[in-house]
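Architecture at a glance
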Amino acid sequence: MRHYTVHHDGVRIPISRGGRGRPLVLCPGLNSTQADLRELTELLRRDHDVTTFDLRGHGLASAADRYTFDAFLSDLVAVLAELGRSALPSPPVLVGYSLGADLAVHYAAECHDAVAGLVLIDGANPLPEPFITDVDLADFRAMAEDQAQRSERAKGTAHQVSLTAKDILDLNLEIDEVRSGILDRYRQIDHSITMIMSTAIAGDSTEGRAPRHNRLWRAGVERLVHERPHVSASWLDTGHGLVFTHAPDIADIIRRTHRPARRATS
């Protein structure tokens, strides 16, 4: 294992790298840290050279004065630039969870030759209509407050998140807007893309917002797969915490879809 730090935009980003095999970079999402993704990381390191890191305001990264989509994207750009300077043997597979998936798509659309392929876990969904409507605002505000309170209890640990409830809600609203135009980003990417999605991102209730949001989540992916033949989707019968509850399943899908090329034998 190697641990080092990238400094950029006034933020300190901790990076960990270990394992052997094909290079892979794992980007966490909103309210998740590299410590939270430890099980998936350890599974992938059995046959990949895996790099993980914390986004600003998450885990062991320092807090920041802005938590916008572009600010988080700049963190990913800085980490991959550092890895480029460390002379990776080949471009990495870029794996993103939730917000991390959206960051991965935007990065790959701009830096075609810097990645070998994408794995998008329950994010980067080209939704055909807004996910958060005026009717949903109260629920999302309450979820943001709950997430901020849980983060406060993790203060001082590798699982802490420095964002306030307002930061979390504002970013969720911005992500909704970003996803409304993300289909254009996909059109700029020719690499193989594997999506690993939850069937119940809004929970399994048959009442309230859950049925609409779950239908919308599936509709966005189905539209993408129909338009972009190099995109494949796997569905796991669970919720948005799939990286924590179904890490072995996710690792198996990644191995099947992004298997390193075999060396030629004489």
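Parameters and conventions
Residues numbered from 1 in each chain as written. Predicted model: local features only at pLDDT ≥ 70, side-chain atom pairs only at ≥ 80, totals over all residues. Heavy atoms only, no water. Helix = DSSP H or I, 4+ residues; strand = E, 2+ residues; numbered from the N terminus. Rg over C-alpha atoms; globule rule 2.2 N^0.38 Å. Buried < 20%, exposed > 50% of the residue type's maximum accessible area, 1.4 Å probe, protein only. Contact = heavy atoms within 4.5 Å. Pairing = 2+ DSSP bridges. Axes fitted to C-alpha atoms, helices over the stretch in contact; angles between N-to-C directions. Disulfide = S-S within 2.5 Å.

**Things to note about the overall build of the protein chain**
The helix and strand inventory of the protein chain stands at 9 helices and 8 strands. Its C-alpha radius of gyration of 18 Å places the protein chain within 12% of the 18 Å reference for a compact globule of 266 residues. Counting only C-alpha atoms, the protein chain reaches 65 × 45 × 30 Å along its principal axes. Here the protein chain, with 266 residues, has 50% of them falling under the buried criterion. Within the protein chain, contacts between residues at least 6 apart in sequence are counted, and of these 76% link residues at least 24 apart.

**Quick word on the sheet that holds strand β1 (residues 2-8)**
Spatially, β1-β2-β4-β3-β5-β6-β7-β8 is the arrangement adopted by the 8 strands of the open sheet, whose pairing is mixed. Strands with a single pairing partner mark the edges of an open sheet, and in this sheet they are β1 and β8 (231-236). This sheet shows a mean twist of 20° between the axes of neighbouring strands, independent of strand direction. Pairing between strand β2 (residues 11-19) and strand β4 (residues 48-53): 5 bridges, direction antiparallel.

**Thoughts on the state of the cysteines**
In the structure shown here, the tally under the stated rule is 0 disulfides. Not part of a disulfide, C27 finds its nearest cysteine sulfur in C111, a span of 14 Å. Judged by its relative accessible area of 0%, C27 is buried. Residue class for C111 comes out partly exposed when judged on its relative accessible area of 29%.

**Thoughts on the environment of H213**
For H213, the position within the fold is in helix α7 (residues 210-227). You can call H213 buried: its relative accessible area is 0%. The spatial distance from the C-alpha of H213 to the C-alpha of I201 is 7.5 Å, given a sequence separation of 12 residues.

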